[in-house]
Amino acid sequence: MPGPTDPQADAFLWGAATAAYQIEGHPLADGAGACIWHEFSHTPGTTYRGHTGDLATDHYHRWPEDVALMRELGLSAYRFSIRWPRLLPEGVGRSNPAGLAFYDRLVDALLAAEIEPLVTLYHWDLPSALQYRGGWANRDSAGWFAEYAALAGRLLGDRVRRWITLNEPMVVAVDGHLRGRHAPGIRNVFVTARVIHHQLLGHVAAYRALKAEHGGLAVGITLSNTAVWPATAAAPDVEAAEMAHAWRNFPLFLEPLTFGRYPPELTELLTAYLPDAWEADVEAMRLPPDFVGLNYYSGERVRHDARSWLGFAVVQEPEAPRTAMGWMIRPEGIHRILTQAHARYRPRSVFVTENGAAFVDRQGEGGVHDPARTAYLRAHIREVLRAREEGVPVDGYFVWSLLDNFEWARGYARRFGIVYVNYPTQERVVKDSGLWYASFARKRTVAKEAVDATA
Ligand code: FCB
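In every chain, residue numbers begin from 1 and rise along the written sequence. Confidence filtering applies because this is a predicted model: local features only for residues at pLDDT of at least 70, side-chain atom pairs given and counted only at 80 or more, and all residues used for totals across whole chains, interfaces and linings. To get the side-chain values, all heavy atoms of the structure are used, and hydrogens and water are removed first.

A separate point is the site of the ligand. The ligand sits among Gln22, His123, Trp124, Asn167, Glu168, Tyr297, Glu354, Trp400, Glu407, Trp408 and Phe416. For this analysis, a polar contact is any N or O atom pair within 3.5 Å, provided that within protein one partner can donate a hydrogen and the other can accept it, and provided that sequence-adjacent residues contribute only side-chain to side-chain pairs. Residue Gln22 places a side-chain N or O atom 2.8 Å away from an oxygen atom belonging to the ligand. Take Asn167: an N or O atom from its side chain is 2.9 Å from an oxygen atom of the ligand. In this analysis the probe radius is 1.4 Å and the grid spacing 1 Å, with only protein atoms considered; a cavity is a set of points the probe fits into but cannot get out of, a pocket is an open set with protein on both sides within 12 Å along at least five of seven lines, and lining residues have an atom within 4 Å of a point. To decide whether a molecule occupies a pocket or cavity, check its atoms: if more than half lie within 2 Å of the grid points, it is inside. Placement of the ligand is best described as lying within the largest pocket. If even one non-hydrogen atom of a residue comes within 4 Å of a molecule or strand, that residue is called near it.

And the structure:
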């Protein structure tokens, strides 16, 4: 059984995650181009009180302090994303030297602090210039993305070993193109299906482009997940839960990448909307990623509902404990997602690339006391390590997020950080949960007993 003497324990990454638009600020500085979140958040009525990423946590200037903070916390890895239009203001073509220099210095500083950088290429900030050409709804997006991936790989591939192509392509498709509550604010199911399909093509093209730059790179994809349980053992509820799982979670993307087809549960639904010749495309998508990134926040019970488009409805559970996002707290769900992914697709390596919670935090005299977040992290980490003990090849865990930040449509009204950001002064204060995570991470252990043994 793995314990503190587990030789793998040292290699396990204990990190924190962020995304460029959520923390950097200064989206147009030094020659960078606009992105869809810049335009969306500046459009009246889209975000909480009109909040934008114009300043965010000012990480664009404060990154040395943030790297020092991570070092103090004893993190062994940091997952961040590159703002595509900082490197390529128009998305393709001419590159921006100041943007290249920014990420170049950040990576050097992380390595000097002995923190392994994991780079996400696309965490939702598509260059506006490409959105005007149709964005992910345009099949050419795969080629645009590969050009960007190659440039980033050329710049950082000598120092960054692990790369994530896309962050949560399902959220991009559904929140951005079906519900319209995220950038680019479109509501069209045919566009949604194309965005799913083209992101998969883009992932594969970027995978190849990165490997062509540096053969030794490990390239993965990060997928969103909500654990799903059927409301009852009756067949219609069980089927509804299977449908919900395939549509919202890793199967929609890992089925094509592992088996060259869309999940059988969804094929009938998707064929009504997919672009012509999708069958040939999907067969060619069979290219298992080197690792799979799984994000997890919450779990739900689901029942059959013939009136709903996808045939399922989420069971209302007014008594369930929730975070400030209204998301139900279900630590066993992260174990469920990890073991389901392992059973169905046998990924070579898995990272929990995001897990965390928003609560209402206040800066007091003696710091920021957030016992609910510490309890959330403890419970979830315990479940991750239980899945690992049972044979799921989990190689790392990343808290969302290092810092409080711009929580998309919710603006700065939701705080996910293990470090508090006092926005008017930009002061950083490590929350109690951050102190707990630091003392746990410093042990460099993968024994789940250590979670409880850490005060
Ligand atoms: C995920 C996003 C991340 C953050 C968390 C709370 O869906 O990837 O940027 O907003 O949710």
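The structure having been displayed, the exposition proceeds.
Okay, unusual backbone geometry next. For the bond running from Ala183 to Pro184, omega is 5°, close enough to zero to count as cis. For the purposes of this entry, the term helix denotes a DSSP run of H or I that reaches at least four residues, the term strand denotes a run of E that reaches at least two, and both are numbered from the N terminus. You can see Pro184 is positioned in the loop between helix 8 (169-177) and helix 9 (189-213). Each neighbour pair has its own omega, and for Trp400 with Ser401 the value is 10°, a cis peptide bond. Of note, Ser401 is situated in the loop between strand 13 (394-400) and strand 14 (419-422).

Let us look at the pairing of strand 10 (residues 350-355). The classification of residues rests on relative accessible area computed with a 1.4 Å probe and restricted to protein chains. Under 20% of the type maximum is buried, over 50% is exposed, and intermediate values are partly exposed. Counting buried positions over the 6 residues of strand 10 gives 6, a clear majority of the element. Pairing of strand 7 (residues 291-295) with strand 10 involves 4 bridges; the strand directions are parallel. Bridging across to strand 10, Asn295 finds its partner in Glu354. Here, strands pair whenever DSSP counts at least two bridges between them. Of the strand pairs in this sheet, strand 10 and strand 13 are connected by 4 bridges, and their pairing is parallel. Among the inter-strand pairings, Phe351 is bridged to a residue of strand 13, identified as Gly396.

Turning our eyes to something else, we now look at the side chain of Asn355. Tracing the chain through its elements places Asn355 in strand 10. A polar atom in the side chain of Asn355 sits 3.3 Å from the side chain of Tyr376. We call two residues in contact whenever any of their non-hydrogen atoms come within 4.5 Å of each other. Those residues within four positions of Asn355 in sequence are excluded, and the remaining contacts are Tyr296, Tyr297, Ile334, Tyr376, Leu377, His380, Tyr397, Phe398, Val399 and Trp400.

To find leftover empty space, one rolls a probe the size of a water molecule over the atoms. Grid points are joined across faces, edges and corners, and a volume is the space filled by probe spheres set on the points. A volume near 1200 Å³ is recorded for the largest pocket. Contributing to the lining of the largest pocket are 39 residues, with Val171, Asp175, Arg179, Arg181 and Trp327 lying nearest its centre. Of all the secondary-structure elements, those providing two or more residues to the lining of the largest pocket are helix 8, helix 10 (235-248), strand 8 (298-304) and strand 9 (312-314). Looking at the lining of the largest pocket element by element, the count peaks at 4 residues for helix 8. For the lining of the largest pocket, a count of residues per class yields 18 nonpolar, 11 polar and 10 charged. Side-chain classes are defined by residue name, with Ala, Val, Leu, Ile, Met, Phe, Trp, Tyr, Cys and Pro counting as nonpolar, Asp, Glu, Lys and Arg as charged, and the others, Gly among them, as polar.

Before going further, it helps to examine the sheet that holds strand 13. If you walk around this closed barrel you meet the 8 strands as 1-2-3-4-5-7-10-13, and the pairing is parallel. Pairs of neighbouring strands in the sheet enclose a mean axial angle of 25°, with direction left out of account. With 3 bridges connecting them, strand 1 (residues 13-17) and strand 2 (residues 77-81) associate as parallel partners. When the sheet's bridge partners are listed, Ala16 is paired in strand 2 with Tyr78. Its contacts with the sheet place helix 5 (residues 97-112) against strand 2 and strand 3 (116-122), and it is angled at close to 170° to strand 2. Axis angles are defined between N-to-C directions and span 0 to 180 degrees, where every axis is a line fitted to C-alpha atoms and, for a helix, only to the segment in contact.

Once that is clear, we can look at helix 16 (residues 432-441). Of all 10 residues in helix 16, 7 are buried, a share of seventy percent or more. Among the residues of helix 16, Ser433, Gly434, Trp436, Tyr437, Ala438, Phe440 and Ala441 are the ones counted as buried. Elements that come into contact with the buried residues of helix 16 comprise strand 1, helix 3 (59-73), helix 15 (371-389), strand 13, strand 15 (427-430) and helix 17 (449-453).

What follows is about the packing of aromatic side chains. Note on aromatic contacts: the rings of Phe and Tyr and the six-membered ring of Trp form a pair at centre separations within 6.5 Å, being stacked when their planes are under 30 degrees apart, edge-to-face when over 60 apart, and tilted otherwise. Tallying each qualifying case throughout the model produces 38 aromatic pairs. Relative to Phe102, the ring of Trp63 lies with its centre 6.5 Å away and its plane at 90°, an arrangement referred to as edge-to-face. With Trp63 in helix 3 and Phe102 in helix 5, this pair connects stretches of sequence that are 39 residues apart. By relative accessible area, Trp63 is classed as buried at 14%. Ring geometry for Trp436 against Phe440: centres 5.5 Å apart, planes inclined by 5°, an arrangement best described as stacked. With Trp436 and Phe440 both in helix 16, this residue pair falls 4 residues apart, about one helical turn. Here the aromatic residues Tyr21, Trp37, Phe40, Trp124, Phe406, Trp408, Tyr412 and Tyr423 are joined through ring pairs into a cluster of three or more. Placement of a charge over a ring requires the Lys NZ or Arg CZ to be within 6 Å of the ring centre, with the centre-to-atom vector within 35 degrees of the ring normal. Between Arg86 and the ring centre of Phe102, over which it is positioned, the NZ or CZ distance is 5.9 Å. In this structure, Arg301 packs its charged tip against the face of Trp229, placed 5.7 Å from the ring centre.

Here the focus is the packing of helix 7 (residues 141-156) against helix 9. Viewed as axis vectors pointing N to C, helix 7 and helix 9 meet at an angle of 30°, and their least axial separation amounts to 8 Å. Relative to helix 9, the element helix 7 lies roughly parallel. Considering how the two elements wind past one another, helix 7 and helix 9 form a crossing that is right-handed. Side by side, helix 7 and helix 9 meet where Ser141, Ala142, Phe145, Ala146, Ala149, Ala150, Gly153 and Arg154 of the first sit next to His198, Leu201, Gly202, His203, Ala205, Ala206, Ala209, Leu210 and Glu213 of the second. Each residue belonging to the contact of helix 7 with helix 9 can be placed in one class, and the counts come to 10 nonpolar, 5 polar and 2 charged. With respect to orientation, any angle under 35 degrees is reported as roughly parallel, any angle over 145 as roughly antiparallel, any angle of 65 to 115 as roughly perpendicular, and every other angle as oblique. Helix crossings get a hand from a simple test, with the near helix turned counterclockwise from the far one by less than a right angle marking a left-handed crossing and a clockwise turn marking a right-handed one.

Attention now moves to the sheet that holds strand 9. Strand-to-strand pairing in sheets goes through backbone hydrogen bonds, with the strands running parallel or antiparallel. Taken together, 3 strands build an open sheet; the order of strands is 6-8-9 and the sheet is mixed. Single-partner strands in this sheet number two, and they are strand 6 (226-230) and strand 9. Strand-to-strand twist in this sheet, taken as the mean axis angle between neighbours without regard to direction, amounts to 40°. Bridging between strand 6 and strand 8 involves 5 bridges; their strand directions are parallel. Paired with Val228 across the two strands is Glu300, which belongs to strand 8. Docked against the sheet, helix 10 engages strand 6, strand 8 and strand 9, running at close to 135° with respect to strand 8.

Taken as a whole and assessed by the stated rule, the structure comprises 3 cavities of 30 Å³ or more. Reported here for the largest cavity is a volume of approximately 60 Å³. As for the largest cavity, its lining consists of Ile36, Trp37, Tyr122, Trp124, Trp136, Val171, Val172, His177, His182, Ala183 and Pro184. Of all elements in the fold, only helix 2 (36-41) and helix 8 reach the threshold of two or more residues within the lining of the largest cavity. Per element, the largest residue contribution to the lining of the largest cavity is 3 residues, and it comes from helix 8. Looking at the lining of the largest cavity residue by residue, the classes come out as 9 nonpolar, 2 polar and no charged. Roughly 50 Å³ of internal volume is contained in the second largest cavity. Every residue lining the second largest cavity is listed: Thr18, Ala19, Ala20, Ile23, Glu24, His59, Tyr78, Phe80, Ser81, Phe102, Tyr103 and Leu106. Mapped onto the lining of the second largest cavity, the elements with two or more residues apiece are helix 1 (20-23), strand 2 and helix 5.

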